[in-house]
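Per-entry structural report
In case you want the letters, here they are:
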Amino acid sequence: MTTTTAADAGSAYTFRNADPQGSHQLTLLADILDEHTIKVLASIGTGIGWRCLDIGPGAGTVTRWIAGQVGPTGGVTALDLDPRHIAAAADNITVLQGDVRTVDLPPQQYDLIHARLVLLHLTERDLVLRRLADALRPGGLLVVSDWDCTDRNWLLHAGSPEAAEAYDAFQDAILSILTEHGADLGWARTVPLAMRAAGLADVSTVVHNRLWPGGTAGNLLHVSNSYQLQAELLDRGMTAEQLGLLREAMHDPQTLAYSYWMFTTVGRRAEP
């Protein structure tokens, strides 16, 4: 493994890897999403010898899976603003600290570029997607996964009306925080149009969701986020009592809640 640093223009990204909750949050995200992500990547046939770019790799779980697929003749670059949680990397992984909006992306460099839960947070998301498309080799694939947060029917059952109200208040507040930080909560649904506009072909989308009982990763993520963003949540009108009710409900096995809808879109750079 090698680690290098690129210029960083700064970011308004809502969550911070350096936060005490950072490592736990990334582990939960991997538990929630890796099965879906790997299924999509396996379906497109990630190949031996491919040169790949994994943007916002978090804990590096998908980076390591891709590295195993491309083998020693291939390679994966893991690009993150703060890659501190990428561990146990292989020899064919390069960790690059930098900002996808400004880092040098040589044209026609990669066979596969993967970005999960990154572009929805960036106000420059359409420009970044075009930069990624330009960095693909002819025939190369861009895979973008983002949550759509516009459908609010996530909570199926809570142990009490008060717990349900706390859950709704939390969602109202955290989505407000994300929007204020520049996120587009409906971007995921429009990624196919952005890929077409960037000149990519064979664009397709898979939508994924599942129901999570309290005490499992899909609900424990809300607990982790509630600690990381506690000050901002309180500033937006949540009370300490509501945060306590939310955390209790997210641990309660009687709670049933869906995760946000995950839209994963794949596009291919056309051959000359």
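Bear in mind the structure is a predicted one, so any value in this text is a computation, not a measurement.

1. Some words on the pattern of salt bridges
Counted by the stated rule, this structure contains 9 salt bridges. In this structure, Arg84 and Asp82 form a salt bridge, with 2.8 Å as the shortest nitrogen-oxygen distance. When its relative accessible area of 52% is taken as the criterion, Arg84 is described as exposed. On the basis of relative accessibility, which here comes to 17%, the residue Asp82 falls in the buried class. Between Arg101 and Glu124 there is a salt bridge, and its shortest N-O distance comes to 3.4 Å.

2. What to know about the packing of helix α6 (residues 217-228) against helix α8 (residues 240-251)
At a closest axis distance of 8 Å, the pairing of α6 and α8 adopts a crossing angle of 155 degrees. With respect to each other, α6 and α8 are oriented roughly antiparallel. In the crossing of α6 with α8, the sense of the turn from one axis to the other is left-handed. Residue-level inspection shows Asn219, Leu220, His222, Val223, Ser226 and Tyr227 of α6 in contact with α8, the latter providing Leu243, Leu246, Arg247, Met250 and His251. Split by residue class, the contact of α6 with α8 holds 6 nonpolar, 4 polar and 1 charged.

3. As for the side chain of Thr46
Tracing the chain through its elements places Thr46 in the loop between α1 (22-43) and β2 (51-55). Given the relative accessible area of 11%, Thr46 is considered buried. There is a polar contact of 3.1 Å between the side chain of Thr46 and the backbone oxygen of Leu41. For Thr46, the contacting residues outside a window of four places in its chain are Leu41, Trp65, Ile66, Gln69, Val70 and Leu112.

4. What about unusual backbone geometry?
Here the phi dihedral of Gln108 falls at roughly 55 degrees; this positive angle occurs in a residue that is not glycine. Here the phi dihedral of Asp202 falls at roughly 50 degrees; this positive angle occurs in a residue that is not glycine. Relative to the assigned elements, Asp202 resides in strand β8 (residues 200-208).

5. Observations regarding the confidence of the model for the protein
Summary statistics for the protein give a mean pLDDT of 92 and a share of 93% for residues scoring 70 or more. Between residues 5-11, whose pLDDT stays under 50, and residues either more than four places distant or in other chains, the model counts 18 contacts.

6. Remarks on the nonpolar core
Ranked by size, the top nonpolar core spans 66 residues in total, and within it Ile113, Leu142, Trp147 and Leu233 carry the most contacts. For this core, the element with the most residues is helix α4 (residues 161-180), which contributes 10 residues. Ignoring anything within four residues of it in the chain, the contact list for Trp147 reads Leu29, Ile32, Leu33, Leu117, Leu120, Leu185, Ala188, Leu221, Tyr260, Trp261 and Met262. The next biggest cluster of nonpolar side chains, apart from the first, holds 17 residues, and it includes Val62, Ile93, Leu112 and Val266.

The rules we used
- Residues numbered from 1 in each chain as written.
- Predicted model: local features only at pLDDT ≥ 70, side-chain atom pairs only at ≥ 80, totals over all residues.
- Heavy atoms only, no water.
- Salt bridge = Lys/Arg side-chain N within 4 Å of Asp/Glu carboxyl O.
- Buried < 20%, exposed > 50% of the residue type's maximum accessible area, 1.4 Å probe, protein only.
- Axes fitted to C-alpha atoms, helices over the stretch in contact; angles between N-to-C directions.
- Helix = DSSP H or I, 4+ residues; strand = E, 2+ residues; numbered from the N terminus.
- Parallel < 35°, antiparallel > 145°, perpendicular 65-115°, else oblique.
- Left-handed = near helix turned anticlockwise from the far one by under 90°.
- Contact = heavy atoms within 4.5 Å.
- Nonpolar A, V, L, I, M, F, W, Y, C, P; charged D, E, K, R; others polar.
- Polar contact = N/O pair within 3.5 Å; in protein donor to acceptor, adjacent residues only side chain to side chain.
- pLDDT = per-residue confidence, 0-100.
- Core = buried A, V, L, I, M, F, W, Y, C linked by side-chain atoms within 4.5 Å.

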